[in-house]
Amino acid sequence: ELIQDNMQYYIYYQTKSIEKLKIQLNAQVQKFVVLWVILLFGIVVCVLTVASVISNSITGPIRKLCGVTRQISEGDFSVRAKVKTKDEVAQLSDSINEMSQHLEVMVSQIKEDERKMRSTELRLLQEQINPHFLYNTLDTIVWLIEGNMSGQAVDMVVSLSDFFRLVLSHC
């Protein structure tokens with residue numbers, strides 16, 4: 001019975017001691033879990049921040065190029081892409097800038113050529129009209145003289161003279 005009582009006291013104190021150890025271990029495990037959760041959250045935030053920075057460093061220049069190409073497609077050939085990277089996007093930016101410059105030169109040349117062509121067409125048309133106009137006017141004057149309408153023929157000759165004086169003074 002004495003041994004049994006001693007054993008019970010021993011088991012009781014050991015159980016109490018194990019209970020204290022269990023409480024201490026649970027507290028340490030909780031601290032460890034909280035520390036790992038905080039550390040994991042910090043790592044996730046850092047990874048997301050780094051991923052966002054890397055993503056923006058890649059997509060930012062591409063978005064700028066898209067804006068420049070949109071302006072070029074709307075007819076603004078003076079716009080240039082300004083990309084500060086040293087990768088394929090910078091090469092693409094340089095190519096877009098060269099293309100825009102060539103388009104600007106070509107469009108201005110086409111406009112100049114069209115202006116010259118309109119001027120030439122107008123001159124050709126005037127050269128065609130002037131002889132016909134003079135022929136038709138003189139023919140009308142002859143018909144007026146033959147129809148004994150010499151007063152109207154004189155008025156027409158005076159008007160023709162005034163017309164040529166006005167036209168030739170502007171040349």
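Small disclaimer: the values here were computed from a predicted structure and weren't measured.

### A few points about helix α1 (residues 2–73)
- Here α1 contains 72 residues, and its C-alpha end-to-end distance of 102 Å stays within 8% of the 106 Å for a straight helix at 1.5 Å per residue.
- At T59, α1 shows its maximal bend, which comes to roughly 25°, and the proline P61 appears one to four places after that position.
- Immediately beyond the C-terminal end of α1, within one or two residues, lies G75, with a positive phi of roughly 105°.

### Quick notes on the environment of S73
- Take S73: it is sitting in helix α1.
- Look at S73 and you get exposed, because its relative accessible area is 60%.
- Residues S73 and P131 lie 58 residues apart in sequence; the distance between their C-alpha atoms is 47 Å.

### Some remarks on the pattern of salt bridges
- What the rule picks out here adds up to three salt bridges.
- Across the pair E112 and R115 runs a salt bridge, and its minimum N-O distance is 2.4 Å. Of this pair, E112 and R115 both sit in helix α2 (residues 88–146), three residues apart, which is roughly one turn of the helix.
- The salt bridge partner of R165 is D162, with a shortest N-O separation of 2.9 Å. Of this pair, R165 and D162 both sit in helix α3 (residues 150–169), three residues apart, which is roughly one turn of the helix.
- You can call D162 partly exposed: its relative accessible area is 40%.

### A few points about the side chain of S100
- By secondary structure assignment, the location of S100 is in helix α2.
- We classify S100 as buried; its relative accessible area is 0%.
- Engagement of the side chain of S100 in a polar contact is seen with the backbone oxygen of F77, the distance being 2.6 Å.
- A polar contact is formed between the side chain of S100 and the side chain of R80, at a distance of 2.8 Å.
- Dropping the residues within four chain positions of it, S100 is found in contact with I72, F77, S78, V79 and R80.

What counts and what doesn't
- Residues numbered from 1 in each chain as written.
- Predicted model: local features only at pLDDT ≥ 70, side-chain atom pairs only at ≥ 80, totals over all residues.
- Heavy atoms only, no water.
- Helix = DSSP H or I, 4+ residues; strand = E, 2+ residues; numbered from the N terminus.
- Expected span 1.5 Å × (residues − 1).
- Bend = angle between axes of the 7 residues up to and from the residue.
- Buried < 20%, exposed > 50% of the residue type's maximum accessible area, 1.4 Å probe, protein only.
- Salt bridge = Lys/Arg side-chain N within 4 Å of Asp/Glu carboxyl O.
- Polar contact = N/O pair within 3.5 Å; in protein donor to acceptor, adjacent residues only side chain to side chain.
- Contact = heavy atoms within 4.5 Å.

Keep in mind that these numbers describe shape and distance, not what the molecule does.
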